[in-house]
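Listed here are the chains, written in short residue letters.
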Amino acid sequence: IEGIDNPEWQQNRLLRVLKAVALDRCRENASAIAEVDSLLGLTPLPSPEELTVLGAVRVASLLHLGCVNDAQSFIRSFSDVPKGSKNYGYFLRNAAAAFDGEQALKILERAEEVFAEFDDQLGVSTCHANAGAILANSGKASDALKRLDSAATKLSDFGMAYLEEVVANLGYAEFVAGHEER
């Protein structure tokens, strides 16, 4: 990540977007937010696709830092997010994590619609996984199990890396449903 601080590379906006993503993934969240804010301050604004990625990264980083209220405020004020962007579903999916229950499910439903519009099956599947976790935490174990089973089936097409979270949520939903023996 440090190599991207090279002055020549700093001129490349796409590399800076990727740096913000990498910082978030490495849980260098304060640095990710600073990079996102720097990019959002550019004139002209980044492309619609870049904007949605930056918004998704900012929300995720704020949530990783435990700044739920800040994440919610950002989501409400981020009016520059172009709704026609292929990445808009990822912004919405991350945004849903800043809210509880029905509000989160409503945002995930919209994210799933966007993913389906662009035939992004990975995005659709991760929405099912997230919705399953929310439903399990809301005590709706039967509905959670359906969503998580769907997510596990679909995500298995993308490799094992995507199944870890689903399996953990599935186990929790089974427990909530009273199926401790499974």
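Quick caveat: nothing in here was measured; it's all calculated off a predicted structure.

Peer 1: Before we move on, can you summarise the environment of N87 with the specific residues and values?
Peer 2: For N87, the location among the structural elements is in the loop between helix 5 (68-77) and helix 6 (88-96). With 36 residues separating them along the chain, N87 and G123 place their C-alpha atoms 9.6 Å apart. If near-sequence neighbours (up to four positions away) are discounted, N87 is found in contact with E49, T52 and V53.

Peer 1: Explain helix 6 residue by residue, including any values.
Peer 2: Most of helix 6 is tucked away: 8 of the 9 residues are buried. Residues of helix 6 that are buried include every one of Y88, G89, F91, L92, R93, N94, A95 and A96, and no others. At its buried positions, helix 6 is contacted by helix 4 (48-64), helix 5, helix 7 (101-117) and helix 8 (121-137).

Peer 1: Please provide a residue-by-residue account of helix 3 (residues 29-40), values included.
Peer 2: If you check helix 3, its first and last C-alpha atoms are 16 Å apart, about what 12 residues at 1.5 Å a residue would give, namely 16 Å. Of the positions making up helix 3, those classed as buried are N29, A32, I33, E35, V36 and L39. In a view along the axis of helix 3, the buried residues occupy a sector of 165 degrees, so they form one face of it. Packed against the buried residues of helix 3 are helix 1 (7-10), helix 2 (13-25) and helix 4.

Peer 1: Go over the packing of helix 7 against helix 8, please, and point to the residues and values.
Peer 2: Viewed as axis vectors pointing N to C, helix 7 and helix 8 meet at an angle of 170 degrees, and their least axial separation amounts to 9 Å. The angle between the axes of helix 7 and helix 8 places the two elements in the roughly antiparallel class. Facing G101, A104, L105, L108, A111, E112, F115 and A116 of helix 7, the residues of helix 8 in contact are G123, V124, C127, H128, N130, A131, I134 and L135. For the contact of helix 7 with helix 8, the per-class residue count stands at 11 nonpolar, 4 polar and 1 charged.

Peer 1: How would you explain the packing of aromatic side chains if you had to name every residue and give the values?
Peer 2: The tally for this structure, following the rule as stated, stands at 4 aromatic pairs. An aromatic cluster of at least three residues, connected via ring pairs, comprises F74, F78, Y88 and F91. Above the ring of F74, the side-chain terminus of R58 is found at 4.8 Å from the ring centroid.

Procedures and definitions
Residues numbered from 1 in each chain as written. Predicted model: local features only at pLDDT ≥ 70, side-chain atom pairs only at ≥ 80, totals over all residues. Heavy atoms only, no water. Helix = DSSP H or I, 4+ residues; strand = E, 2+ residues; numbered from the N terminus. Contact = heavy atoms within 4.5 Å. Buried < 20%, exposed > 50% of the residue type's maximum accessible area, 1.4 Å probe, protein only. Expected span 1.5 Å × (residues − 1). Arc of directions from axis to C-beta. Axes fitted to C-alpha atoms, helices over the stretch in contact; angles between N-to-C directions. Parallel < 35°, antiparallel > 145°, perpendicular 65-115°, else oblique. Nonpolar A, V, L, I, M, F, W, Y, C, P; charged D, E, K, R; others polar. Phe/Tyr/Trp six-rings, centres within 6.5 Å; stacked < 30°, edge-to-face > 60°. Lys NZ or Arg CZ within 6 Å of the ring centre and 35° of its normal.

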